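Structural overview
Chain residues, written in single-letter form:
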Amino acid sequence: RDLVEKDYGRDLLSRAAEEFRAFRDDFPQAILVLAEIRANRVEVVLRASPDRPGVIQYPQDFHVPPFGSAVGLVCLAFSDSLTALQLRESHPFEEAAAPLWPDRKTLDAFLEKAKKNGFLVTPFKKQESVRVAAPIFDSAGRFRGALGAALPIDDTDIAKRTKLEKRVVAGAQALTGGPG
């Protein structure tokens, strides 16, 4: 099983790097990330940004907050209940989420809406970027990670945001599949 997992991980990274290159054609100014849950943290395993055009980065030990990032919120919404619980317990609401969310009920309603929609856009006031993310699943339907993209909020009108949402969902769907 471990070998299958490693092969799946390598395959996902390879396919994601290709997807990032294709995504760049539509949104060259976007920051793109692929994130997975590892050791009860949301870890960015692949990244591309306009400050390094054409470069696909493989960050080491780069974690993002589960309650404050688009990919982190997707991990909470779409992972199985045990994994989501472990992630929440590793990042207590009072310490990690309370500055962003008025209460757990609001957060949970947001996550339920994301599950219904199949993607999410971070709802935070005063954010500098429009941040969108969607889930990636293996062929057995298990959550494997999140594809996220961010654009500067000042340069993103509603039409561009809608196009970004559709592109992120399409990208995540293109990455869905592989060993189950």
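Worth saying up front: this structure is predicted, and the values here are computed from it rather than measured.

Moving on, we get to the sheet that holds strand E2 (residues 41-48). One open sheet holds the six strands; their spatial order is E3-E2-E1-E6-E5-E4, and the pairing between them is antiparallel. Edge positions in the open sheet fall to strand E3 (63-64) and strand E4 (120-121), since each of these has one partner strand only. One ladder, built from seven bridges, connects strand E1 (residues 31-38) with E2; its direction is antiparallel. From the neighbouring strand, Arg-38 faces E2, where its bridge partner is Arg-41. Contacting E1, E2, E3, E4, strand E5 (129-137) and strand E6 (143-152), helix H2 (residues 70-78) runs over the sheet at an angle of about 35 degrees to E5.

The next thing to look at is the confidence of the model for the protein. Of all residues in the protein, 93% attain a pLDDT of 70 or more, and the chain-wide mean is 91. Note that residues 1-5 has pLDDT below 50 and, in this model, four contacts with residues that lie over four places away or in other chains.

Another aspect to go through is the pairing of E6. Most of E6 sits out of view: nine of its ten residues are buried. Note that E1 and E6 share five bridges and pair antiparallel. By the bridge assignment, Leu-34 is partnered in E6 with Leu-147. Pairing geometry for E5 and E6, over nine bridges, is antiparallel. Bridged to Val-130 within E6 is Leu-151. A loop of five residues connects E5 with E6, the two strands running antiparallel in sequence, and Gly-141 in this loop sits at a positive phi of about 85 degrees.

Criteria and cut-off values
Residues numbered from 1 in each chain as written. Predicted model: local features only at pLDDT ≥ 70, side-chain atom pairs only at ≥ 80, totals over all residues. Heavy atoms only, no water. Pairing = 2+ DSSP bridges. Helix = DSSP H or I, 4+ residues; strand = E, 2+ residues; numbered from the N terminus. Contact = heavy atoms within 4.5 Å. Axes fitted to C-alpha atoms, helices over the stretch in contact; angles between N-to-C directions. pLDDT = per-residue confidence, 0-100. Buried < 20%, exposed > 50% of the residue type's maximum accessible area, 1.4 Å probe, protein only.

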